[in-house]
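Spelled out, the chains give:
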Amino acid sequence: MIFTTAFSAVFPLFAKIAIGFGIRQARLLSAQTFDELNRLVFKLFLPALLFANIYRIEFSSIERTSLLWYSIIAVLGVFGIFFLIVPILISDNRQRGVVIQGICRSNFVLFGIPMATNLYGGVSAAFASLLGGLVVPFYNVLSVIVLEYFRGKKPDYRKIGTGIVTNPIILGALLGAGFSLLQIKIPYLIEQILFEISAITAPLALIVLGGSVTYSTVRTNTKALVFAVLGRLVLVPAIGLAVSIAVGYRNLELILLMSMFASPTAVSSYTMSQQMDGDADLAGQIVVFTTLFSLITLFLWISTLMAFGYF
């Protein structure tokens, strides 16, 4: 059952990546077209997805606020730790921001929500969606800060600030929060179009990823790639789950935290890295390899937590 649950979460993602790879190999779309699609995903589809997710949140009905605050603090803590560690181990600025983002930014929306639902039932879906709607914007804001910080040889804080406030993904998240908090209702037809656009974002991003990533640089990226994969799938879950258990989280709350800590790297990290002058090949490789090996690591994390009776 555990293996089936993990496999059912991972395989559909790989299938879409494989479709993109097949399209590229069959030359149905050119490399330039994939680059243009990446730009479209970054500037339109991902902002629409974040806006839709946050727009649907009813902040007045939020329960378990302690878990929400804990999750946000945990995300900040993880980014802070690796912001200090990665520059010591990685010398290339274009890879530093990509590795930090790859380690710290989990694919909670695509992995966490289905995983929590399969393990704990439909009751977890609503709160998982709420948690994702609040945590994912923090992932994006912190990723933009990190990528902007390491964009040049010397950080230009004015440029970093401009990059943050003009980033389409962050603007989408802020607009979604503003509409939700102010209870501004979008006309029904526009709302349906928006939700339909957001629904195809993840599949499109995965297909574009599969058609865009090249593997010729895997050998030269080995050190950064191995560190990112181990950081994302082993170090972050080990630290995050140990602290969460010590704090007292169990059952549904621990499942949600496990999904947040142990999920592979977010697909959108590739698109963001490419659009913000990071090492896009490395970013894509991190997504692909963390997704591949997560089939094993998620099985082990779930098995271990079940064996110790934590859920």
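To start, this report covers the structure provided alongside it. (Residues numbered from 1 in each chain as written. Predicted model: local features only at pLDDT ≥ 70, side-chain atom pairs only at ≥ 80, totals over all residues. Heavy atoms only, no water.)

Things to note about the nonpolar core
No. 1: Counting residues in each nonpolar core, the largest one holds 77 residues, and the members touching the most others are Ile103 and Met260.
No. 2: Looking at this core, the element that brings in the most residues is helix H6 (residues 123–149), giving 12 residues.
No. 3: Discounting residues that sit within four places of it in the chain, Met260 has contacts with Ser71, Ala74, Val75, Ser106, Phe108, Val135, Tyr139 and Arg232.
No. 4: Formed by seven residues, the second largest nonpolar core is a distinct cluster that contains Phe51, Tyr55, Ile186 and Leu194. (Core = buried A, V, L, I, M, F, W, Y, C linked by side-chain atoms within 4.5 Å. Buried < 20%, exposed > 50% of the residue type's maximum accessible area, 1.4 Å probe, protein only. Helix = DSSP H or I, 4+ residues; strand = E, 2+ residues; numbered from the N terminus. Contact = heavy atoms within 4.5 Å.)

Here's the deal with unusual backbone geometry
Negative phi is the rule for most residues except glycine; trans is the rule for most peptide bonds.
No. 1: Even without glycine at this site, Arg27 takes up a positive phi of about 60 degrees.
No. 2: Relative to the helices and strands, Arg27 resides in the loop between helix H1 (2–25) and helix H2 (31–55).
No. 3: Overall, the relative accessible area of 74% leaves Arg27 in the exposed class.
No. 4: Even without being a glycine, Asp277 presents a positive backbone phi close to 65 degrees.
No. 5: Following the sequence through the fold, Asp277 ends up in the loop between helix H13 (268–275) and helix H14 (280–307).

Looking at the environment of Leu282
No. 1: Residue placement: Leu282 occurs in helix H14.
No. 2: Owing to a relative accessible area of 0%, Leu282 belongs among the buried residues under this scheme.
No. 3: When the C-alpha atoms of Leu282 and Asn221 are compared, they prove to be 6.8 Å apart, with 61 residues separating the residues in sequence.
No. 4: Residue contacts for Leu282: discarding those within four places in its chain leaves Gln95, Val98, Val99, Asn221, Ala224 and Leu225.

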